[in-house]
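Breakdown of the fold
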Amino acid sequence: MKREATVLIVQDTTELNLSTRSACEGLGQIGTNQTGAQSRGLDLHSCWAVGESGLPLGVLRLHGYAPESAAGKDPHRPIAEKESYRWLQAYEDATAVAATIPDTRVINVTDREGDMFELFDLRRRQTGRKAELLVRANWDRCLAGSDQKLFEELAAAPLAKTVSLPVPRPREHRAKPSDPGRPALPARTAKVQVRFQEVTLSAPQAPQTRNKQPIKLWAVYGVEKHPPKGASAVRWLLLSSIPVASVKQALKCVRWYGRRWRIEAWHRVMKSGCQILDHQNHRAHVLLRAIALDAVIAWRIMLLALLGREVPELPADTLFDPCECEVLGLLTQKKASPWVMP
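Here's a quick rundown of the structure.

Calculation criteria
- Residues numbered from 1 in each chain as written.
- Predicted model: local features only at pLDDT ≥ 70, side-chain atom pairs only at ≥ 80, totals over all residues.
- Heavy atoms only, no water.
- Helix = DSSP H or I, 4+ residues; strand = E, 2+ residues; numbered from the N terminus.
- Rg over C-alpha atoms; globule rule 2.2 N^0.38 Å.
- Buried < 20%, exposed > 50% of the residue type's maximum accessible area, 1.4 Å probe, protein only.
- Areas by Shrake-Rupley, 256 points an atom, 1.4 Å probe, with all protein chains shown as cover.
- Lys, Arg positive; Asp, Glu negative; His and termini not counted.
- Charge placed at Lys NZ, Arg CZ, Asp CG, Glu CD.
- Phe/Tyr/Trp six-rings, centres within 6.5 Å; stacked < 30°, edge-to-face > 60°.
- Polar contact = N/O pair within 3.5 Å; in protein donor to acceptor, adjacent residues only side chain to side chain.
- Contact = heavy atoms within 4.5 Å.
- 1 Å grid on protein atoms, 1.4 Å probe; cavity = no way out; pocket = protein on both sides within 12 Å on 5 of 7 lines; lining within 4 Å.
- Points joined across faces, edges and corners; volume = space filled by probe spheres on them.
- Nonpolar A, V, L, I, M, F, W, Y, C, P; charged D, E, K, R; others polar.
- Salt bridge = Lys/Arg side-chain N within 4 Å of Asp/Glu carboxyl O.

1. A closer look at the overall build of the protein
- When its secondary structure is counted, the protein shows seven helices and ten strands.
- Taking 342 residues into account, the globule formula puts the C-alpha radius of gyration at 20 Å, and the protein, at 22 Å, falls close to it.
- Summarising its shape, the C-alpha atoms of the protein cover approximately 80 × 50 × 50 Å along the three principal directions.
- For the protein, buried positions account for 40% of its 342 residues.
- By element, 52% of the accessible surface of the protein is carried by carbon and sulfur atoms, the whole surface being about 18900 Å².
- Side chains of the protein carry 48 positive and 36 negative charges; the gap between the two charge centres is 3 Å.

See the structure below:
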């Protein structure tokens, strides 16, 4: 990360469905399947570092846990007692890293689940060198000093530019009783209108936040007006702690958020390539130790795949030591290895 001018630390949560592991202790309820039966497993909250080019730089944090039902709990309890506190803990990790690499700008990127006033307030209260925030908005928040709300305000902002944005192939999501599902579609390029504006968010009226002062951020709004038939339109409203005073800066935020998809691809490598759902451990905490090793392996697999596409002429010894290169050469030539026991 020290070699990069800007590093994106992306947060995301993925479900590990381990319903077939009936003998595994320490699992929680992660949802219901198509028939309404409860699914058991773990949630895995991850942070990994990505360069501006999209090249994965490594795994920063893994937090696996058995989710618990919020039924019967006080919805206004402190954030530290909620599962969503994991987003704040991961941001604190990003800030700790930023303090050790002062020549690198560190930006913590989250999807809509990370849109919490407490996260923005945490950054405001911190002193010293901080990680920046780039969060996709989920809540149509009230704006201080305005009768309009966030999404309406940005939709009315002047059009800055229309850009072409690559949209990766969305995976199929099977329908559930509470979700109509989504068909698999090919990758495409979307024409996105980009607007930006400085905004001041009012604190939510929940007991734990209503006495807090409004927070000033910068909002970048990208919307696809004419998506293909059957495709969901791109509609991103990004909240940034980084000042956005020009079209160039707004487009940077859009490109940075576009790199968030890489963590989803990494989760797929863990599940399909490393087959973390097939481990036979009988206790959740032991299973998570194995997954910690798989996470690093999956990062290396993804790094090799991306480098192979971008710079196929790269010498093998850039990433492998001499012994590993010899093994790879023998595998390529399909020859027996002349190993001699020492």
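2. Things to note about the packing of aromatic side chains
- Scanning the entire structure with this criterion turns up four aromatic pairs.
- For the pair Trp48 and Trp266, a centre-to-centre distance of 5.0 Å together with 10° between the ring planes defines the contact as stacked. Placement of Trp48 in strand E3 (residues 38-51) and of Trp266 in helix H5 (residues 261-273) is noted, with a sequence separation of 218 residues between them.
- Relative to Tyr221, the ring of Phe151 has its centre 6.5 Å away and its plane inclined at 90°; by these criteria the two rings are edge-to-face. Note that Phe151 is positioned in helix H3 (residues 150-155) and Tyr221 in strand E9 (residues 215-224), a separation of 70 residues in sequence.
- With a relative accessible area of 13%, Phe151 lands in the buried category.
- Relative accessible area serves as the criterion here: at 6%, Tyr221 is assigned to the buried category.

3. Considerations on the side chain of Arg260
- Turning to its location among the elements, Arg260 is positioned in the loop between helix H4 (247-258) and H5.
- A residue is classified by how much of its surface remains accessible, and Arg260, at 7% relative accessible area, is buried.
- A polar side-chain atom of Arg260 sits 2.3 Å from a polar atom in the side chain of Glu264.
- Once residues lying within four places of it in the same chain are set aside, the contact partners of Arg260 are Val10, Asp12, Val109, Thr110 and Asp111.

4. Digging into the layout of surface pockets
- Taken as a whole, the second largest pocket encloses approximately 620 Å³ of empty space.
- Forming the boundary of the second largest pocket are 24 residues, of which Ile79, Lys82, Ser84, Met116 and Trp139 lie nearest the centre.
- Put simply, the parts of the chain that give the lining of the second largest pocket at least two residues each are helix H1 (85-100) and helix H2 (117-125).
- Here the lining of the second largest pocket is composed, by residue class, of eight nonpolar, four polar and twelve charged.

5. Quick word on the pattern of salt bridges
- If you walk through the whole model with that rule in mind, you get 14 salt bridges.
- Here Lys216 makes a salt bridge to Glu198, at a shortest N to O gap of 3.4 Å. A residue pair is termed long-range when its members are at least 10 positions apart, and Lys216 in strand E9 and Glu198 in strand E8 (residues 188-201) qualify at 18 residues.
- On the basis of relative accessibility, which here comes to 51%, the residue Lys216 falls in the exposed class.
- As a salt-bridge pair, Arg260 and Glu264 come within 2.3 Å of each other at their nearest N and O atoms.
- Because the salt bridges share partners, they merge into one network encompassing Asp12, Asp111, Arg260 and Glu264.

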